[in-house]
Every structure is written in structure tokens, then in C-alpha cells.
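# Structural features, examined
Residues per chain, in single letters:
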2 protein chains.
Amino acid sequence: MKIESDPYDPLAESGCGPQPKPLSEPRNLKQQVFEAVRASGRIPRVELARSLGISPASVSSICATLIESGLIEERSDDLKPSEAGRGRPRVSLSVRGDARYVAGVKLSDQKHGAIILDLSGTMIASATMDRTGGVMTFDTMLAEACEVLDSALATASLARSHLSSVGIGVPGLIERGAGKVLWSPILIDRDVDLRDRFARLVGVPVEIDNDANLVALAELWFGAGRERSDFVVVTIEHGVGMGLVLDHRLYRGAMGMGMELGHTTVQLDGALCRCGKRGCLEAYVADYALIREARTALNLGNRGVRSPQDLLESLYDHAKAGNEAARAIFGRAGRYLALGLANVASIFDPSLILLSGDRMRYDYLYAEDVLAEMENLMLKTGRPAPQVEIRTWGDLLWARGAAALALDAATREAFATEPVAA
Amino acid sequence: MKIESDPYDPLAESGCGPQPKPLSEPRNLKQQVFEAVRASGRIPRVELARSLGISPASVSSICATLIESGLIEERSDDLKPSEAGRGRPRVSLSVRGDARYVAGVKLSDQKHGAIILDLSGTMIASATMDRTGGVMTFDTMLAEACEVLDSALATASLARSHLSSVGIGVPGLIERGAGKVLWSPILIDRDVDLRDRFARLVGVPVEIDNDANLVALAELWFGAGRERSDFVVVTIEHGVGMGLVLDHRLYRGAMGMGMELGHTTVQLDGALCRCGKRGCLEAYVADYALIREARTALNLGNRGVRSPQDLLESLYDHAKAGNEAARAIFGRAGRYLALGLANVASIFDPSLILLSGDRMRYDYLYAEDVLAEMENLMLKTGRPAPQVEIRTWGDLLWARGAAALALDAATREAFATEPVAA
């Protein structure tokens, strides 16, 4: 045996270990109490104190200021007849919905959508707008976003000036911090200032994010996140996306642009992706990948000008009727989807993967075969594979995620401008 | 336009938004002050108060109890001659190294290693032990781990009973929470209780983890983590591993077993991996993958019984001399490595990727070609690709990570058994 030098030893003299974080992070207690009330729907003060681990006296004092500023309200709980007449009625706290309104807008290839939520998260109105599909200019995108937003506002009898914040979601490569769309499959222009331009148009602060993050946010705020602290969302539609929730928070990559599962390479020199690279997962699984193969399988060449939706339906009918080429297309897409899911499982070891998207209605995606293949492609650890759940993507789910983004921004803004309770 | 139903709306009535966390998490102030002192090496009280964002009075009172319990000490700072004689000498705080000792042990195919650190993170002694390579029984592994640990202890003139904690690292699939090695390339047995068996043998609490996590911990405590909050470590050696540091903490996957980059599938029906699957990244990049191809390229068949190290050196010499087959082997390995790195970048968007491992000395891995290919395989975002740094894997780096694991455990234990300051 011999003693060797250690390249890291000199560093020990100047200290070691993870860098300390400031202990006195400003904790906005009022905002956290408010958020706990909203998360519960309605909750008595004593339960609120218990769930937050603070004293009932602190809760009472904070709630008094929240009630005074009009953000929460007291409601007498309905009692069962057997309980009536026994002392005072119990009182719960709820968020006052009408204290703020926010909107969420989703822009996509076939259909835009908009949704209006009040501060409690309750939906007030929504609207959708069909499109013929394909790319558009940035100016057209802005005009269409205003149109669908105004339509939802009209249904709610609200004006733009009633909104505290608008969230907007676009498929593609979003630089959230800068408010930019670097590239989108529905946009001709690149590198556009969506956040600031749209905010100037509607006269309200705007937040942006990509489709997969917004689906993950919708699940975090309204769906799976109500019961789980950690899960992965994989979206399959016009593209393939991924959203990751860790410890009740959306993780956005170390520099804010990660989670590009659709553009991980699954085959060197493989199928061409719309992004220009070869072998991306998306190039095997997304709808445009199936459509270009459908043209070959159905011998369409450049003849029939049919909608992508129509082509996919037709391809699926042929597969069910036993057409070998059509079956081979779905078979390969399913195997690559299984590969993508297995890789997600290998990297994140999640307990739950949610498969979300419009394409979910195609049997090949929920086929037992795909889940079996996913397990084949995972390391054998002796532990069960992650649970996989299929979520059909309602037209408004993604808009709801955009509205959650806006709700979060409106909440932070409400407490940033108020004096913070000691 | 039409109004549509929203599958998530009913949930809004029962609240929405991320679930609240208790606000009064028990924060062990004494431990956090102690860790800040260790991270700084030596630090005056006033700077400590500033970096932690707490009052100088709190710092003084906490430090008094830490000095009393023998965990930190005061030292007069050396003053420059020009400063001498002006009032009292400045006093800094440091961790008392001799308050605790810990050990880190790494077990691997070619060489085991052990390292002894004191509580300040300073290395006291180390030892390495050469092996002939190949699989061993669990009993042999335990005996060898004791041997290399005792050798390092002897150099330090310490006994096992002087240790507060031992960290041990093994390549393979580790279930850290259960203290088990599910599978290891150097072990015949599967699913063994390494933590508990080793703890009983040495009479000291033991922590275990896999090689890639320990390299990431070594970087977090002693290397890159001194300057960065987030980075990815990719280890290439006997296998391919990955460690992820997020916000100054090692991320271990949602259920504690993620980051299996080496077993993500990069080619459906591809090369056979030691894990039994086909097409794993490891099956193209790890040393065993190169060695099996070297046997073909060098026309060795089953003749020459040469060490893996020797075979790789010879393959590399042939490649440099222009042998086409040898060059093709390194060429393909390099392309798949580039693919793996590009996928890591697409998913995590890190600012820094550290490539760590013994194999790093082979030119094909640090070749400009591999980095250029990585950029080719990444989505074009207009932003620069992540910085990639090569770290040659000293024999003790990994053992140092195991020691950091032990240091962390010993620190938590020191503060768990002490009365916590109010």
C-alpha cells in the first residue's frame, strides 16, 4: 500500500462543505398563511395554525390583517342538524375570489384557449378559438391571443383592466426569465419578446412559459400535486415535452431552459426533427412525425390535401384494419415513446409519470405494449416500475396552467406592495 | 367560439395551489453556524453574522456554546507588520479538527482507497490497495474494505473506535436509504446489506452511496461546489454514472435511486450492457465496452490473457498509429459520449458539466471532436453550450466523497445528541 497525494487537499485549509445560506431569509408570513388558506379551500383558524406549525395567536393576528385588506373572508360552516344549536357556529376562512382576477391563455396549432380565474382559483369563464394550423407571424399571434382573451373576458363581463396578471403559454423554446420565445413550431419569427409586447398590448403584467411546464403547473395546482410532492409530466402532442415537480415546486432546469426531453437524441443520425437535428425523440413520437409517415403508408404522396387531424385518424383506422405499414408506424412510435419514458425513469426515479396530451386517444399510446416495453428498457432493480397515468388533455388544461402562473404572480404582487406583517 | 367544460374545475372548490409546508421547521441554528464556520475555513464573528444574516449577539452566544462543547475554537489572526500594535489582535473562528474523525472508503475494480479526515475536513491519512480486478464475494469485499480502512487508520495512529462515522462507496446500484447494494459490477452477490454488515464489523455508523454520487459530493464539498450552486458530474470509468448538484445539495432522484445515465437507452436493440439490457449508454462508452471491441480489433480472440488496462493502452497506441478498427472504436465511443452529454444538457440545462474518471486520460474523451459533436446534438437555442471541464480522477477523489458523506453524518449526529440552543 502507498500513500498518495490528493488533488483536493489544499482546499481543506480554506474550508469545505456546502456553502451556507442566509438564515434570515425574508419569509412573508402573511403570504404563506394566505396560500395555505387557498390550498385548503376553507379552513378553521385552529387547523390552519396546526398545518403551518405556528401559534393560534399568530394566525389570528395575521388573518385579521388579511381580512382587513380584503384578501380572505370568514364563513360560517354549515352544520349538520344534529350539531345545530350547540354553542357558536364554527367559522372557516376562505380566499375572497373577487379580490383579484387573472387570465391564462394557451396558443397552439389547432386551437387557442383562454380562461379567467378568480383569486381563489375558481374558473369564471373560458373561451376557445379554432385555427387552421400552421405557422404564423408574431403580429398575428399577438392579435389572436388578444382575441381569445377578450372573448373569455366578455363572457365573464370583465374588462382587461380588471386583470391583475395574464399567463401565456406557447409550444417551443421559451426563455422565461427574459420573456422571450426563442423558437416555436407555430411561429415564423424567432427570438420574439412575447412577454413585453403582449403586456403592452393588454396593459397588464404578463408571464410566459412553455406548454409542458404549464401542464405540470396545472397538475401541481389543481391535479396530481394535490396529493403528491414529486411527479413527472410527459406531454405528447404537436411536440414532446416534459415538466418536473420536485418537492411541490416546478423545476425549470439549472439555467431555466431544461427539460427538453423531446430533443434528447434517441438515435444517432436518425429521423429528421423539426428543430433541424436528427434522431430527436420528438422526430419519432410527435404528431408531425406520424403524419409524414402516414403520407407514405397511405400512398398520399403530394395529392390529398387533408388536415393533420384527418390524416392521423385515417392512419389509425388503417392500423386497426390490419394495414401493415400503418401498424409499423404506430409500433415504432410506441417503442420510442417507451424508450423516452424508461430514460425519464432511469434519470429521475419518479413514483408517478403522467402522460398528457391530445394524442393520448390513440390506442398505441396507452397500449399495454408500450408500458411493458418501458419496463423492458429499464434497469432491473427489483423494485416496481413507476406508475404511469394517462391524462386526456382537455382544451383548457394548458390554459389553466397559464392561469396558475398568473395567479402566482398576482399573489406575489399583492404581498409585495403591502406592508408585511412582523 | 365556444365555452367548454374544464376537467379540473371541481377541484377549485376544495382549494388549489401548491400544498403549504410547516413554517416552523426545526432549524438547528447551532449546526448551521458550525457549518458556516467550516465552509469558510476561518472567519471573524462579525463576518459570520453578516454571511448568515443574523445578529452579532446571536452569533456570539451560539459560538460560546460551540467553543464550550469543543467543536470550534478561536484563533488570533496573523497581522501584517504594518497592522501590528493597533489595538487588539483580530480573532477568527475555526472548526476544531480533532473534535471528531471520519473515514471514507472506496471499493472499485482495480484499486480500493481509504481516507481519514478530521472534523474540519483536513486529510489526516490515506491508503490505497491494488486489486487484480473482477467480481468478488460479499465476504471478500467486507474483508478488503476493513483492510484498506485499517491501513489508513494505522498511518494516522488512530483506532476504529476513534471514528465517528465511515462513508463507503461502491459502483453499481445502491439503495441508500436501505443501506443496500442491489447490484455491483465488482460483486458476485446481489442485494446485500453493506451498510449494516460493515457497521457491525467496524463498530462505527456507516453511510453508503454509489461512485458517481460520491464524486459529485467530493466536488460539492471540496471542488466545484465552492464556487457554484448547480452542476452535473458525469463519471466514465468501469461504468458511466451521473451526479447532480442543485442549489448546493446533491439531488438523488425522487425516490432515491435516479441519475442512472449509464443505463439510459441510446440505441434500441443496441450493444449489450452488463446490466442485461441492450443499447445502454454504458455499453458504448464504459471501459468494458471498449475492451470487448479491442479483443476483436487487435485480433486477440481468446488468446492473450492481458489486463483490461493493458488492452486499453494497446488499443489506444494502435489508434494513434492509424489502425482503422482501433480508431473506429474510439470514434463511436466518442460520438455516444457526446450524445449522452448533449442529452444531459437538454434535460438539465446546466452551466457546468464535469467529466470525471480514470479513462479521461484517453485522448478520445477530451478530443475537441467530442465537444463539437455534443454541440451538434444539442438544440440550437442561440445560447452557448454548457461549459465542459475534464477532471482526472485521482485515486482518492471518490474516497474523499465517501468521507464527506461521513463528515455530514458525524456533524448531524453531533448536533442531534446535544441540547439545541434556543
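Small disclaimer: the values here were computed from a predicted structure and weren't measured.

Criteria and thresholds
- Residues numbered from 1 in each chain as written.
- Chains lettered and ligands numbered in written order.
- Predicted model: local features only at pLDDT ≥ 70, side-chain atom pairs only at ≥ 80, totals over all residues.
- Heavy atoms only, no water.
- Helix = DSSP H or I, 4+ residues; strand = E, 2+ residues; numbered from the N terminus.
- Buried < 20%, exposed > 50% of the residue type's maximum accessible area, 1.4 Å probe, protein only.
- Contact = heavy atoms within 4.5 Å.
- Least-squares fit on C-alpha atoms with pLDDT ≥ 70 in both.
- Pairing = 2+ DSSP bridges.
- Axes fitted to C-alpha atoms, helices over the stretch in contact; angles between N-to-C directions.
- pLDDT = per-residue confidence, 0-100.
- Buried area = accessible area lost by both parts, 1.4 Å probe.
- Salt bridge = Lys/Arg side-chain N within 4 Å of Asp/Glu carboxyl O.
- Domains from an automatic or database assignment.
- Core = buried A, V, L, I, M, F, W, Y, C linked by side-chain atoms within 4.5 Å.
- Parallel < 35°, antiparallel > 145°, perpendicular 65-115°, else oblique.
- Left-handed = near helix turned anticlockwise from the far one by under 90°.
- Nonpolar A, V, L, I, M, F, W, Y, C, P; charged D, E, K, R; others polar.
- Phe/Tyr/Trp six-rings, centres within 6.5 Å; stacked < 30°, edge-to-face > 60°.
- Lys NZ or Arg CZ within 6 Å of the ring centre and 35° of its normal.
- Lys, Arg positive; Asp, Glu negative; His and termini not counted.
- Arc of directions from axis to C-beta.

This next bit is on the environment of C280 of chain B. Residue and element names in this part refer to chain B. Topologically, C280 is positioned in the loop between β13 (249–251) and α8 (282–285). Given the relative accessible area of 0%, C280 is considered buried. The sequence separation of C280 and Q267 amounts to 13 residues, and the corresponding C-alpha distance is 7.1 Å. For C280, the residues in contact, after removing those within four places along its chain, are G262, H263, T264, T265, V266, A271, C273 and C275.

We now examine unusual backbone geometry. If you check the backbone angles, H248 of chain A has positive phi at about 65° while not being a glycine. Mapped onto the elements, H248 of chain A comes out in the loop between β12 (240–246) and β13 (249–251). Within the chain, D191 of chain B stands out as a residue other than glycine whose phi angle is a positive 55°. With respect to the helices and strands, D191 of chain B occurs in the loop between β9 (180–183) and α6 (194–202). The class for D191 of chain B is partly exposed, based on a relative accessible area of 45%.

Let us look at the relation of the copies chain A and chain B. At an RMSD of 0.0 Å, chain A and chain B line up after a rotation of 180° and a shift of 0.0 Å along the axis. Taken together, the rotation angle and the small translation identify this as a two-fold axis. Within chain A, the C-alpha atom positioned nearest to the axis of rotation is that of V266 of chain A, 2.6 Å from it. An overlap of 100% is found between the interface residues of chain A and their copies at the interface of chain B, pointing to a shared contact surface.

All names here are of chain B. Taken in spatial order, the 5 strands make up an open sheet running β6-β5-β4-β7-β10, and their pairing is mixed. The sheet terminates laterally at β6 (123–130) and β10 (206–210), the two strands that pair on one side only. The average angle at which neighbouring strand axes cross in this sheet is 15°, direction not considered. In this fold α6 packs onto β7 (163–170) and β10, with an angle of close to 140° to the strand it touches most, β10.

A separate point is the confidence of the model for chain A. Residue and element names in this part refer to chain A. This prediction gives chain A a mean pLDDT of 86; 87% of its residues lie at or above 70. Within chain A, the element-level pLDDT minimum falls on helix α1 (residues 9–12), averaging 48, and the maximum on helix α6 (residues 194–202), averaging 98. Segment residues 1–7: pLDDT under 50, and 23 contacts once partners within four positions in sequence are set aside and those in other chains are kept. In this model, residues 418–422 is a region of pLDDT below 50 whose contacts with residues beyond four sequence positions or in other chains number 7 contacts. Across the assembled chains, the prediction reports ipTM 0.84 with pTM 0.86.

Right, let's talk about the interface of chain A and chain B for a bit. Between chain A and chain B, the contact holds 105 residues from the first and 106 residues from the second. Between chain A and chain B, a total of about 9,500 Å² is buried, with carbon and sulfur atoms accounting for 59% of that surface. Remark: the boundary between chain A and chain B carries 2 salt bridges. Between R335 of chain A and D269 of chain B there is a salt bridge whose closest N-O contact spans 3.0 Å.

Residues and elements named next belong to chain A. Here chain A is partitioned into domain 1 (29–76 + 91–95), domain 2 (99–217 + 398–416) and domain 3 (225–393). Once you take the C-alpha centre of each, domain 2 and domain 3 turn out to be 25 Å apart. Between domain 2 and domain 3, a total of about 1,500 Å² is buried, with carbon and sulfur atoms accounting for 63% of that surface. Area buried by domain 2 at its contact with domain 3 is led by W183, V215 and A216, which between them contribute 28% of it. Applying the counting criterion to the domain 2 and domain 3 interface returns 1 salt bridge. Note that D209 and R252 form a salt bridge whose closest N and O atoms lie 2.7 Å from each other.

If charged atoms from side chains of opposite charge come close, those side chains can pair. Residue and element names in this part refer to chain B. Applying the stated criterion across every chain, the model contains 35 salt bridges over all chains. Across the pair R195 and D196 runs a salt bridge, and its minimum N-O distance is 3.2 Å. Ionic pairing is found between E293 and R332, a salt bridge with its closest N-O pair at 3.3 Å. Residue E293 is located in helix α9 (residues 287–297), and its partner R332 is located in helix α11 (residues 324–348); the two are separated by 39 residues in the primary sequence.

The subject of this paragraph is the environment of E47 of chain A. Looking at the element boundaries, E47 of chain A is found in helix α3 (residues 45–52). For the pair formed by E47 of chain A and E207 of chain A, sequence separation is 160 residues and the distance between their alpha carbons is 33 Å.

In terms of nonpolar packing, the biggest core is built from 88 residues, with V234 and F348 of chain A together with V234 and F348 of chain B touching the most fellow members. Setting aside residues up to four positions removed in sequence, F348 of chain A forms contacts with M242, L244 and M259 of chain A together with Y251, G253, A254, M255, G258, M259, I347 and F348 of chain B.

Residue and element names in this part refer to chain A. Spatial ordering of the open sheet is given by β6-β5-β4-β7-β10, a layout of 5 strands whose pairing is mixed. Every other strand in the sheet has two partners, leaving β6 (123–130) and β10 (206–210) as the edge strands with one partner each. Going from strand to strand, the sheet's axes swing by 15° on average, the running direction of each strand aside. The strands touched by helix α7 (residues 211–222) are β5 (111–118), β7 (163–170) and β10; relative to β10, the strand with the most contacts, the crossing angle is about 105°.

In this section: the packing of α9 of chain B against α11 of chain B. All names here are of chain B. Running from N to C, α9 and α11 point in directions that differ by 160°, and their axes come no closer than 9 Å. Here α9 lies roughly antiparallel to α11, going by the angle between them. Crossing of α9 against α11: the hand is right-handed. In contact with L290, E293, A294 and A297 of α9, α11 contributes A325, A326, I329, F330, R332 and A333. Its residues placed into classes, the contact of α9 with α11 shows 8 nonpolar, no polar and 2 charged.

Residue and element names in this part refer to chain A. Summed over all chains, the structure comprises 9 aromatic pairs over all chains. On the basis of an interplanar angle of 55° and a centroid distance of 5.4 Å, the ring pair of F34 and F415 is categorised as tilted. With a gap of 381 residues between them, F34 in helix α2 (residues 29–40) and F415 in helix α14 (residues 397–416) connect regions that are remote in the sequence. Residue class for F34 comes out buried when judged on its relative accessible area of 1%. Pairing W221 with F222 gives two aromatic rings, centres 6.4 Å apart and planes at 40°, and the pair type is tilted. Each member of the pair W221 and F222 is classed as buried. Sitting above the plane of the F222 ring, R400 keeps its charged end 4.4 Å from the centroid.

In this fold, E260 of chain B is placed in the loop between β13 and α8. Buried charge without a salt bridge: E260 of chain B, with R274 of chain B as the nearest opposite-charge side chain at an N-O distance of 8.3 Å. In this view, E260 of chain B contacts S346, I347 and L379 of chain A together with G172, L173 and N210 of chain B; residues no more than four positions away in its chain are not counted.

This part is about the packing of α2 of chain A against α14 of chain A. Helices that pack against each other are described as a pair by the angle of their axes relative to one another and the distance between those axes. Residues and elements named next belong to chain A. Where α2 meets α14, the closest approach of the two axes is 10 Å, and the angle between their N-to-C directions is 145°. In this structure, α2 meets α14 at a crossing whose hand is right-handed. Contacts between α2 and α14 involve K30, Q31, F34, E35 and R38 on the former and, on the latter, L407, D408, T411, R412 and F415. Grouping the amino acids of the contact of α2 with α14 by side-chain chemistry returns 3 nonpolar, 2 polar and 5 charged.

Here A333 of chain B is to be found in helix α11. With 46 residues separating them in the primary sequence, A333 of chain B and D287 of chain B have C-alpha atoms 9.9 Å apart.

The next subject is α6 of chain A. All names here are of chain A. Of all the residues in α6, the buried ones are L194, F198, A199 and V202. For α6, the arc enclosing every buried residue in end-on projection is 120°, short of the 170-degree limit, so these residues lie on one face. Against α5 (138–155), β7, β9 (180–183) and β10 lie the buried residues of α6.

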